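Read off the chains here:
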Amino acid sequence: MGLISELESLAGELESALGQAVSLPEVEELRIAFMGRKGRLAELMASLREAPAEDRPAIGQKANAVKLAISGMLEDRIAVLRAQSAGREDFFDPSLPGRRPPAGSLHPITLVLNEICSIFEGLGYEVVSGPEAETDFHNFAALNFPANHPARDMQDTLYIADEVLLRTHTSPMQVRSMLERKKPPLAVIAPGKVYRRDSDITHSPMFHQVEGLLVGKDVSLADLRGTLAYLVRKLFGAEARVRFRPSFFPFTEPSAEVDVTCIICRGAGETAGEPCRVCKGSGWLEILGSGMVDPNVFKAVGFDEDCAGFAFGMGVERIAMLKYGIGDLRLFFENDMRLLAQF
Ligand code: PHE
């Protein structure tokens, strides 16, 4: 029965050793010496194999009891030492697990902006940016909006001074890029904030757009269509299709609004026999405006009139709502951690 008494004396030995231990590292050393993989308890358990078969259950029971007792003793001692040191500034407990700093994540709008930019960078476009406070020239005049023409009312403009305004779209970056480059070819993508005097469930006075502009020699509407078809497949999946609807913008001719197949009903117009609520039964969702650059814009920036190009501009919030199934635009700007932490 040597093993049982040895087990019993183990607990006593630890008790007196713990009485001497005045720091947490010392307690940790004792824990390893007694309970570690090669510790005293493990050593005794290894010799269990040599004990007579009929004694083994009793020894096993004893071993479990001793194990419980000694781990309880270790915990108690740790608790006492921690309590003693609480509030002592020079106290450093190397046995405590570290505190992980909470990790941030990118805002869903930033994620979509980054994704769109990297899709176009893959096509060789250059990402550019410019001021949010713009001149009338860049935001309107050079884009073929006639002075005092009602076309300027299409976009409820916030003015800072007579000729200075908060840009109502990213299209002034078309003007800036061409003026800077001086001649074709160029292919740029311009993400950024835009402002309009609008505020309700589906409109925010500040929102984001991404502008694209490609100018070269024989650029056609087919190139525009192919580029946008590629974009929506990358953004929404291989099944996504585009549809062009004739439209009007002063700076493009011809102009088109572009729809993508509804990502909820996949173009069917209905879900479970009911008209789809997201596309209102049409099977299509409008995501951007586009067209061939109007010759008057080339004239305003001093480009040869024999060049050709296409431009497009899309609303980022709308794309993010579709991609992530977010139903209310305002959620993007409330900064509620319960939403943001999901990205
Ligand atoms: N700037 C237009 C808007 O904000 C979109 C657009 C961009 C249309 C480029 C055509 C070409 O509605």
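## As for the site of the ligand
Then, number 1: Near the ligand there are 15 residues, and of these His169, Ser171, Arg196, Gln209 and Gly313 occur at the shortest range.
Then, number 2: Residue histidine 169 places a side-chain N or O atom 3.0 Å away from a nitrogen atom belonging to the ligand.
Then, number 3: Here an oxygen atom of the ligand and a side-chain polar atom of arginine 196 are 3.0 Å apart.
Then, number 4: When the ligand is considered free in solution it has 330 Å² of accessible area, and contact with the protein chains removes 92% of it.
Then, number 5: A majority-of-atoms criterion places the ligand in the largest pocket.
Then, number 6: Those elements giving two or more residues to the shell around the ligand turn out to be strand 5 (206-216), strand 10 (284-293) and strand 11 (308-315).
Then, number 7: Tallying contributions element by element places strand 11 first for the shell around the ligand, with 3 residues.
Then, number 8: Classifying every residue of the shell around the ligand gives 4 nonpolar, 9 polar and 2 charged.

## Quick notes on the side chain of glutamate 134
Then, number 1: Its place among the elements puts glutamate 134 in strand 2 (residues 133-135).
Then, number 2: Of the polar contacts made by the side chain of glutamate 134, one reaches the side chain of arginine 176; its length is 2.7 Å.
Then, number 3: Beyond its immediate sequence surroundings of up to four residues, glutamate 134 is in contact with Asn139, Glu163, Val164, Leu165, Arg167, Pro172 and Arg176.

## Regarding the domain arrangement of the protein chain
Then, number 1: Splitting the protein chain by domain gives domain 1 (3-85) and domain 2 (108-340).
Then, number 2: A straight line from the C-alpha centre of domain 1 to that of domain 2 covers 71 Å.

## Re the packing of aromatic side chains
Then, number 1: For the structure on display, the rule yields 8 aromatic pairs.
Then, number 2: Ring geometry for phenylalanine 249 and phenylalanine 251: centres 5.8 Å apart, planes at 35 degrees, overall tilted.
Then, number 3: Take phenylalanine 249: its relative accessible area is 17%, and that puts it in the buried class.
Then, number 4: Of the residues examined, phenylalanine 251 reaches a relative accessible area of 8% and is grouped as buried.
Then, number 5: Taken together, the aromatic side chains of Phe120, Tyr125, Phe310 and Phe312 make up a single cluster linked through ring pairs.

## Some points on the packing of helix 5 (residues 108-122) against helix 8 (residues 221-236)
Then, number 1: Where helix 5 contacts helix 8, the axes come no closer than 11 Å and their chain directions differ by 130 degrees. Taken together, the axis directions place helix 5 and helix 8 in an arrangement best described as oblique. The hand of the helix 5/helix 8 crossing is right-handed. In contact with Glu115, Ile116, Ile119 and Phe120 of helix 5, helix 8 contributes Thr227, Tyr230, Leu231, Lys234 and Leu235.
Then, number 2: When its residues are assigned to classes, the contact of helix 5 with helix 8 shows 6 nonpolar, 1 polar and 2 charged.

## Let's talk about the layout of surface pockets
Then, number 1: Taken as a whole, the largest pocket spans an internal volume of roughly 1,400 Å³.
Then, number 2: Contributing to the lining of the largest pocket are 47 residues, with Thr202, His203, Glu286, Gly315 and Arg318 lying nearest its centre.
Then, number 3: Residue assignment for the lining of the largest pocket shows that the elements contributing at least two residues are strand 5, strand 7 (252-261), strand 10, strand 11 and helix 10 (316-324).
Then, number 4: Looking at the lining of the largest pocket, the element that brings in the most residues is strand 10, giving 7 residues.
Then, number 5: Its residues placed into classes, the lining of the largest pocket shows 21 nonpolar, 16 polar and 10 charged.

## Considering the sheet that holds strand 6 (residues 242-249)
Then, number 1: Reading across from one edge, 1-4-5-11-10-7-6 is the order of the 7 strands in this open sheet, with mixed pairing throughout. Here the strands that pair on one side only, and so sit at the sheet edges, are strand 1 (126-127) and strand 6.
Then, number 2: Note: strand 4 (residues 186-195) against strand 5, 10 bridges, orientation antiparallel. Bridging across to strand 5, valine 188 finds its partner in leucine 213.
Then, number 3: Across the sheet, helix 8 lies against strand 6, strand 7, strand 10 and strand 11, angled at about 145 degrees from strand 10, the strand it touches most.
Then, number 4: Helix 10 rests against strand 5, strand 10 and strand 11 of the sheet, and its axis sits at about 60 degrees to strand 11.

Cut-offs applied
Residues numbered from 1 in each chain as written. Predicted model: local features only at pLDDT ≥ 70, side-chain atom pairs only at ≥ 80, totals over all residues. Heavy atoms only, no water. Near = heavy atom within 4 Å. Polar contact = N/O pair within 3.5 Å; in protein donor to acceptor, adjacent residues only side chain to side chain. Areas by Shrake-Rupley, 256 points an atom, 1.4 Å probe, with all protein chains shown as cover. 1 Å grid on protein atoms, 1.4 Å probe; cavity = no way out; pocket = protein on both sides within 12 Å on 5 of 7 lines; lining within 4 Å. Sits in = over half its atoms within 2 Å of the grid points. Helix = DSSP H or I, 4+ residues; strand = E, 2+ residues; numbered from the N terminus. Nonpolar A, V, L, I, M, F, W, Y, C, P; charged D, E, K, R; others polar. Contact = heavy atoms within 4.5 Å. Domains from an automatic or database assignment. Phe/Tyr/Trp six-rings, centres within 6.5 Å; stacked < 30°, edge-to-face > 60°. Buried < 20%, exposed > 50% of the residue type's maximum accessible area, 1.4 Å probe, protein only. Axes fitted to C-alpha atoms, helices over the stretch in contact; angles between N-to-C directions. Parallel < 35°, antiparallel > 145°, perpendicular 65-115°, else oblique. Left-handed = near helix turned anticlockwise from the far one by under 90°. Points joined across faces, edges and corners; volume = space filled by probe spheres on them. Pairing = 2+ DSSP bridges.

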